[in-house]
Amino acid sequence: MTDDHDAICTNFAVVRQFDDLDRVVAIRDTILALNRSAVTRADVDRGLETPLTTREAAALFTCLQKNGAATQSATDERGFADYTFEVDPSEVDRVLTQQAAVIASDGRSSQTGQDDGVEFVATLPGGFEPTSARVRSIPDIASTIRNQVFDADSSVRIANPYFDPSLELVSDLASLPRRDIETRLLTRETADEEGDTRTTLNKMWDLIDEDHRDNFEVRDLYRWDEKQGSQAFATHAKIVIVDDRVCYVGSANLTDTSLSTNFEFGVVVEGDIVEDAATVFDEVFEYSHPVDLPI
C-alpha cells in the first residue's frame, strides 16, 4: 500500500461503476467503521441498505487495489469480488473521497450522459496524471474485462496472443469453466516450450477441476511458412466477447504491462452488432488448431 496519503488516484473503477455519490460515501464510511484491516464484500454489505452487486464489489476492490489502499489476502472460488482484502483505512478514505469528488463533477455527468452502445476504454501510462475529468472517467481496460467476465452467464470468447501467467485476471478466467461458463480461448504459439502462453494455459488447466474442464476449449492460430522462412499468419486480435451481448476490442494483451503501464486503447460495444463479432470469432476458432491440455 502507498505511503503517500496525498496521492492522486490513477484508477477510477468506482467512478465508472457507481453514479450515486451518496452510495460511494456510504461504502467508504462502512469500511472505516469496521475498524479492522481484513475486509470482504460481505462485511461491506452489512453496513449498506442495498448489498453490492458483483460488478460493484469488483469495481470497489479493483479501485482500492490499483490505488494502493488494499491488497488481496485470500481468494474465494466465487471470484474476485468475494476475495478478502487487507485495507489501510486512511488510504480507503483518500481513494473513495477522491472517487466521490469525481462523480460529483461535471465530467462524470457528461460521461454518463452518453446513450449509445459504444464506449472507449484505456490503460493510461504509468505515472501519468490526467488533468481532465473526462479522461479520469474513461474506464480502465483491466477492470472492464474483469467486470465483463464476472457478469458472464453462459459464454466467454477470448482472442489474445500474449499472456502473463502471474496476472490475477488469469485466475479469474479460470473460474469461468467452474461456473459452467463455456470458455473459448484463441491464442498462438502454444508449442513454444519456453513461452508464457504454455505456462498460462497449464496454470488455468490446473485451476479448473476435472468435472468442469469440458467447459474450457483452447485453439492455436499460428502458421510458419517453411518456404518463405517467415510467419504465414497468426492471431493478433485482442477480443473478449461475453454472452453475445458485450464485446471488448482493443490493443491490450493480457499482460501486466498492457493492463497497468502501457498506453492502450479500445472500445466496448453492446447490442446486436456483438453477434457479428461472435460469428467472426467462431469461424476463425474452428479454422484454428485444437490444443490438448495440459501441454
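Residues numbered from 1 in each chain as written. Predicted model: local features only at pLDDT ≥ 70, side-chain atom pairs only at ≥ 80, totals over all residues. Heavy atoms only, no water.

## As for unusual backbone geometry
Step number 1: Geometrically, the link from Leu 293 to Pro 294 is a cis peptide bond, its omega value of -5° lying close to zero.
Step number 2: Structurally, Pro 294 can be placed in the segment after strand S13 (289-290).
Step number 3: A positive phi angle, near 55°, is found at Asn 35, a position not held by glycine.
Step number 4: Tracing the backbone shows Asn 35 in the loop between helix H2 (21-34) and strand S1 (38-39).
Step number 5: A residue is classified by how much of its surface remains accessible, and Asn 35, at 69% relative accessible area, is exposed.
Step number 6: Located in the positive-phi region is Asp 180, a residue other than glycine, with phi close to 65°.
Step number 7: Within the secondary structure, Asp 180 is located in the loop between helix H9 (168-178) and strand S6 (182-187). (Helix = DSSP H or I, 4+ residues; strand = E, 2+ residues; numbered from the N terminus. Buried < 20%, exposed > 50% of the residue type's maximum accessible area, 1.4 Å probe, protein only.)

## Some words on a negative patch on the surface
Step number 1: A contiguous patch of negative charge on the surface is contributed by Glu 77, Asp 209, Glu 210 and Asp 211.
Step number 2: Examined against the element boundaries, Asp 209 turns out to sit in the loop between helix H10 (196-207) and strand S7 (216-220). (Patch = residues over 30% accessible without salt bridge, like charges linked within 9 Å, V, L, I, M, F, W, Y side chains within 5 Å. Areas by Shrake-Rupley, 256 points an atom, 1.4 Å probe, with all protein chains shown as cover. Salt bridge = Lys/Arg side-chain N within 4 Å of Asp/Glu carboxyl O. Lys, Arg positive; Asp, Glu negative; His and termini not counted. Charge placed at Lys NZ, Arg CZ, Asp CG, Glu CD.)

## Structural notes on the nonpolar core
Step number 1: Ranked by internal contacts, the top residues of the largest apolar core, which has 34 residues, are Ile 27, Ile 31, Leu 52, Leu 60, Leu 64 and Leu 96.
Step number 2: Those elements giving two or more residues to this core turn out to be helix H1 (13-17), H2, helix H4 (54-66), strand S3 (84-87) and helix H5 (89-103).
Step number 3: If we ignore the near neighbours within four places in the chain, the residues touching Leu 64 are Ile 31, Ala 69, Ala 70, Val 92, Val 95 and Leu 96.
Step number 4: Formed by 33 residues, the second largest nonpolar core is a distinct cluster that contains Ala 152, Ala 174, Leu 185 and Met 204. (Core = buried A, V, L, I, M, F, W, Y, C linked by side-chain atoms within 4.5 Å. Contact = heavy atoms within 4.5 Å.)

## What about the packing of aromatic side chains?
Step number 1: Applying the stated criterion to the full structure yields five aromatic pairs.
Step number 2: Between Phe 233 and Tyr 287, the aromatic rings sit 6.1 Å apart at their centres with planes inclined by 40°, giving tilted as the arrangement. Taken together, the residues span a long stretch of sequence, with Phe 233 in strand S9 (residues 230-234) and Tyr 287 in helix H12 (residues 273-287) at a distance of 54 residues.
Step number 3: Overall, Phe 233 belongs to the partly exposed group, its relative accessible area being 28%. (Phe/Tyr/Trp six-rings, centres within 6.5 Å; stacked < 30°, edge-to-face > 60°.)

## So, the side chain of Thr 40
Step number 1: With respect to the element layout, Thr 40 can be found in the loop between S1 and helix H3 (41-45).
Step number 2: Exposure remark for Thr 40: the relative accessible area of 18% places this residue in the buried category.

## What about the pairing of strand S5 (residues 155-159)?
Step number 1: Across the five residues that make up S5, a large majority, five, are buried.
Step number 2: Of the two faces of S5, the one carrying Ser 155, Arg 157 and Ala 159 and the one carrying Val 156 and Ile 158 are both buried.
Step number 3: Both S5 and S6 contribute to a ladder of five bridges, which runs parallel. Bridging from a neighbouring strand, Ile 158 pairs with Leu 185 of S6.
Step number 4: Running through H9, the crossover from S5 to the neighbouring parallel element S6 is right-handed. (Pairing = 2+ DSSP bridges. Right-handed = clockwise from strand over helix to strand, strands pointing away.)

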